[in-house]
Each structure stands twice: as C-alpha cells, then as structure tokens.
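Here is what each chain is made of, one letter per residue.
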Amino acid sequence: GVTNDLLNMEAAVGNTLFNTVKDLYLTKSTASDHIQRLFDKCKREQIKPILYYTGHGEIGTGNWCFADGTISIQEILDMRPEGMYYPMIFSDSCYSGHWANFCLQKNIPGFHCLAACPEYSKAIDTKGL
C-alpha cells in the first residue's frame, strides 16, 4: 500500500521533490527533524511547504504513526517558524479526516489538509492513479 501510494504521488508531482524519506522504522524524532528542515528551507526561500505522508494513521486522531510514537497536526503547526507560509498537508492514512477537520475548524488562511478518508474510516490502497 505505502509503496503504491508514494509512487502515485511522485508521478503526480514529478521529480521536483525536496526530500523523500522511505523508512518503515522511522522514529518520531527523525521525522520531526525532517519536517523542521523542510520548514526552515521553505522559510529561507519564501515558498509554501507541502507535506505528504503515507503510512499508518492512529484510530481516533489520524496522527501519523512512527516506530516510537505519533506526530499530531498540532505538533506540525507548532513546528512552523514565524513568518513562514502555512503548510499544505496531504495525509494519506487511515482516520486522516481528523486532520482535515482540524484545519477547517482552525480556519487559518492557507493552512489546509487533504485527507485520504473520513475521520471514522480506513484509507484504501489502490495501484495506479
């Protein structure tokens, strides 16, 4: 599932990705470091960060699951440096509708999340676009 999801996304955006992390044993701290580096680069270059995650989503929250913990959308919002554009988030995981709802409730201009499924549902994997 994750392999096909990533291939589909790479095909959709082309080869202009800043960084792609493919690690089924990725830790929360390493994932957070990657996100922070992306945010720092985007702030320096004054560009909008786009985050795409495919993997497990936590039941009840949609939080991204890693080998030793989870990352919430609030944590990602808190990582955002002052003066940087708000990120566009693609959450391709089960229960990711929680994240889309979070963005709608916050109603922050430019802060959006596209979810793979509603907050009460599992994401379905498909091959091809």
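In what follows, the accompanying structure is described. If you're wondering where the values come from, they're calculated on a predicted model, not measured in any experiment.

About the cut-offs
Residues numbered from 1 in each chain as written. Predicted model: local features only at pLDDT ≥ 70, side-chain atom pairs only at ≥ 80, totals over all residues. Heavy atoms only, no water. Helix = DSSP H or I, 4+ residues; strand = E, 2+ residues; numbered from the N terminus. Buried < 20%, exposed > 50% of the residue type's maximum accessible area, 1.4 Å probe, protein only. Contact = heavy atoms within 4.5 Å. Areas by Shrake-Rupley, 256 points an atom, 1.4 Å probe, with all protein chains shown as cover. Pairing = 2+ DSSP bridges. Disulfide = S-S within 2.5 Å. Axes fitted to C-alpha atoms, helices over the stretch in contact; angles between N-to-C directions. Expected span 1.5 Å × (residues − 1). Arc of directions from axis to C-beta.

### Brief notes about the overall build of the protein
Broken down by element type, the protein carries four helices and five strands. Of all 129 residues assigned to the protein, the portion counted as buried reaches 38%. Sequence separation of 24 or more characterises 64% of the internal contacts of the protein that already satisfy a separation of 6 or more. Accessible surface, the protein: about 7,700 Å² in total, of which carbon and sulfur atoms supply 54%.

### Overview of the pairing of strand E4 (residues 88-92)
E4 sits mainly inside the fold: four of its five residues count as buried. Judged from the four bridges that link them, E4 and strand E5 (residues 112-115) form a sheet pairing that is parallel. Pairing of isoleucine 89 across the sheet is with cysteine 113, part of E5.

### Looking at the state of the cysteines
Throughout the structure, instances matching the rule amount to zero disulfides. Just so you know, cysteine 94 is unpaired, no disulfide at all, and the nearest cysteine sulfur is the one on cysteine 117, 5.8 Å from it. This cysteine, cysteine 113, is not joined by any disulfide, and cysteine 103 carries the nearest cysteine sulfur, 5.1 Å off.

### As for the sheet that holds strand E1 (residues 50-54)
With parallel pairing, the three strands of this open sheet are ordered in space as E1-E4-E5. Across the chains shown, the open sheet's two edge strands, defined by having one partner strand only, are E1 and E5. On average, each strand axis in the sheet is tilted by 15° relative to the strand beside it, whichever way the strands run. Across five bridges, the pairing between E1 and E4 is parallel.

### Here we look at helix H2 (residues 28-45)
Its 18 residues place the ends of H2 26 Å apart at the C-alpha level, agreeing with the 26 Å of an ideal helix rising 1.5 Å per residue. Within H2 the residues assigned to the buried category are Ala31, Ser32, Ile35, Leu38, Phe39 and Cys42. An end-on view of H2 places all buried positions within 125° of arc, on one side of the element. Check the buried side of H2 and you find it contacts E1, strand E2 (64-66), strand E3 (69-71) and helix H3 (73-79).

### Description of the environment of isoleucine 47
Along the chain, the position of isoleucine 47 falls in the loop between H2 and E1. For isoleucine 47, a relative accessible area of 37% corresponds to the partly exposed category. Separated by 39 residues in sequence, isoleucine 47 and tyrosine 86 place their C-alpha atoms 9.7 Å apart. Discounting residues that sit within four places of it in the chain, isoleucine 47 has contacts with Cys42 and Tyr85.

Read these as geometric descriptors, not functional statements.
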